[in-house]
Amino acid sequence: MKPIYRHIQPSVTMGLDTQAKALAAAGRDVINLTAGQVDLPMPEAGKAAIDMALKANMTGYVPATGSPDVKAAVRARMGWQEGEVLISAGAKPLLNAAISCLCGPEDEVILPGPCYTSYPEMVRLTGAKPIIVPGTAENGFIVPGMNIERHITAHTKALLLNNPVNPTGAVYGREALRQIVEIAKRYDLYLIADEVYGSFVYEEAFISLYSFSDARDRLILVNSASKSYAMAGLRLGYAVAPQPVAAVMGAYLSHALGCPCSLSEQAALAVLSLSDEYEQDLTSIFRDRRDRLCRALSGIEGWQVHKAPGAFYLWLDVSGWDDDEAFCRKLLDEEGVALTPGSAFCCPGYVRLAYAKDISILLEAAKRIRRFVEGSYSSSTGVNS
Ligand code: PMP
Ligand code: GLU
């Protein structure tokens, strides 16, 4: 047999989620806090729109980059005036389209770290090189512009910024974003922004990179209905990009995906027109979960739990143990709580807890984690004994 040309690492987050679900299906008592998937039902208006679309036989192809009325609804909701809007099957294909169209072998893409598990593979798929610039706990995992600048070379083509950040829950504010915009301008880089957690910001109003009008000619901004409207399985994402970039991304998507799902488009039309109250309610549910979970995990001797300002993740330092993967394995074996090791996000020594579950489940998880951590700290041999 001729060799397989490409070797791709599977998505660790999706793999762990599948494993935890399989254990639960086999009868294990597992609390699955791996995948970042909103547990709430999607808005009723979206469900009704799908029913109506089915009755109206809306099951044919739609335009490759989305139907005009859906694009208009996205533009209105997101406040995107300049640039072309593209609709596709979630944020992932749009990110892949952007990276694939902009980058190739010889190019480098800066990824502030720790970063979403799929980014390095998305970059490698194009032949380009991911350059991870690590953040540190001292600056709340916000990577300062100075550090980013040090990693720029003649090959740097783009910077991919996720804000709020998966996995740390960090939120880049105006000053940090301004630094990034200035760097992109100074070195003539494309800015690819992934703002899928934009509705999950708990302390201050979220600032989109789109609000920097001087960045729009180099900005490809991606968002989706997966988190904000609990529609991850319906696969509906949207992006805005300068016209020449949007044109090639659209051509790419027409070959790679054909078009978005016609029913999901109708659901999007309905949910995008919901009032701001929907988003405010969602944010307060998650803020409350975060606050109560952090309280339940506080006061464990030798262990700090930081209340991250965004997304729905806690980023827990487990460097006191021998490694993050062993921590997750043992926690799952002993207490039936599934978390994601930081190595999946290029940052060993940490684990990620997704608090997208009902508070009663989160409080039970906190009890088990506390028992596990206190038990392993009090034993002289540690977690791998
Ligand atoms: N970006 C980030 C940072 C994510 O955490 C995820 C996970 N859903 C995605 C993109 C993919 O989103 P979608 O479901 O819209 O493809
Ligand atoms: N984004 C989620 C996560 O980080 C879902 C899984 C995935 O898309 O990778 O867990």
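Above this text you will find the structure in question.
In short, a report on the structure.

Conventions used here
- Residues numbered from 1 in each chain as written.
- Chains lettered and ligands numbered in written order.
- Predicted model: local features only at pLDDT ≥ 70, side-chain atom pairs only at ≥ 80, totals over all residues.
- Heavy atoms only, no water.
- Near = heavy atom within 4 Å.
- Polar contact = N/O pair within 3.5 Å; in protein donor to acceptor, adjacent residues only side chain to side chain.
- Areas by Shrake-Rupley, 256 points an atom, 1.4 Å probe, with all protein chains shown as cover.
- Nonpolar A, V, L, I, M, F, W, Y, C, P; charged D, E, K, R; others polar.
- Helix = DSSP H or I, 4+ residues; strand = E, 2+ residues; numbered from the N terminus.
- Contact = heavy atoms within 4.5 Å.
- Axes fitted to C-alpha atoms, helices over the stretch in contact; angles between N-to-C directions.
- Parallel < 35°, antiparallel > 145°, perpendicular 65-115°, else oblique.
- Left-handed = near helix turned anticlockwise from the far one by under 90°.
- Pairing = 2+ DSSP bridges.
- Buried < 20%, exposed > 50% of the residue type's maximum accessible area, 1.4 Å probe, protein only.

## Details of the site of ligand 2
In the vicinity of ligand 2, the contacting residues are Ser11, Thr13, Met14, Ala35, Gly36, Lys92, Tyr116, Asn166, Tyr197, Lys227, Tyr313 and Arg352. Contacts to ligand 2 include Lys227, whose side-chain N or O atom sits 3.3 Å from a nitrogen atom. Within the side chain of Arg352, a nitrogen or oxygen atom sits 2.7 Å from an oxygen atom of ligand 2. Against a free-state accessible area of 280 Å², the protein chains account for coverage of 88% of ligand 2. Of the residues that constitute the shell around ligand 2, the class distribution is 5 nonpolar, 4 polar and 3 charged.

## Quick notes on the side chain of Arg218
Position of Arg218 relative to the elements: it lies in the loop between strand 6 (190-194) and strand 7 (219-224). Polar contacts involving the side chain of Arg218 include one to the side chain of Asp188, which spans 3.2 Å. Ignoring sequence-local partners within four residues, the contact set of Arg218 consists of Ala184, Lys185, Asp188, Leu189, Tyr190, Leu191 and Pro242.

## So, the packing of helix 2 (residues 44-55) against helix 10 (residues 262-272)
Interaxial distance between helix 2 and helix 10 falls to 8 Å at its minimum, and their mutual angle equals 140°. Here helix 2 is positioned oblique relative to helix 10, judged by the angle of their axes. Classified by chirality, the crossing of helix 10 by helix 2 is right-handed. Here helix 2 contributes Ala45, Gly46, Ala49, Ile50, Ala53 and Leu54 to the contact with helix 10, which in turn contributes Leu263, Gln266, Ala267, Ala270 and Val271. The class makeup of the residues in the contact of helix 2 with helix 10 is 9 nonpolar, 2 polar and no charged.

## Points about the sheet that holds strand 12 (residues 350-354)
Read across the open sheet, the 3 strands follow the order 9-12-11; overall the sheet is antiparallel. Single-partner strands in this sheet number two, and they are strand 9 (313-317) and strand 11 (340-341). In this structure, strand 9 lies alongside strand 12, joined through 5 bridges in antiparallel fashion. Bridge assignment links Asp317 to a residue of strand 12, and that residue is Tyr350.

## Side note on the packing of helix 3 (residues 68-78) against helix 10
Closest axis-to-axis distance for the helix 3/helix 10 pair is 9 Å, and the angle between their directions is 30°. One finds that helix 3 runs roughly parallel with respect to helix 10. Where helix 3 crosses over helix 10, the handedness of that crossing is left-handed. Seen from helix 3, the contacting residues are Asp69, Val70, Ala73, Val74 and Arg77; seen from helix 10, they are Glu265, Leu269 and Leu272. Tallied by class, residues from the contact of helix 3 with helix 10 come to 5 nonpolar, no polar and 3 charged.

## Concerning unusual backbone geometry
Cis geometry marks the peptide bond from Asn163 to Pro164, where omega comes out at -10°. Tracing the sequence through the fold places Pro164 in the loop between strand 5 (156-162) and helix 7 (174-186). Here the bond from Asn166 into Pro167 is cis, since omega is 25°, no more than 30 degrees from zero. One non-glycine residue, Glu106, lies in positive phi territory at about 90°. For Glu106, a relative accessible area of 62% gives the class exposed. Here Arg235, not a glycine, exhibits a phi torsion of approximately 55°, which is positive.

## Considering the pairing of strand 8 (residues 237-241)
Of all 5 residues making up strand 8, 5 are buried, and the element is well covered by its neighbours. Of the two faces of strand 8, the one lined by Gly237, Ala239 and Ala241 and the one lined by Tyr238 and Val240 are each fully buried. One ladder, built from 5 bridges, connects strand 2 (residues 84-88) with strand 8; its direction is antiparallel. The residue bridging Ile87 from the neighbouring strand is Tyr238, located in strand 8. As paired strands, strand 7 and strand 8 are joined by 4 bridges and run antiparallel to one another. Within strand 8, the position partnered with Val222 by the bridge is Ala239.

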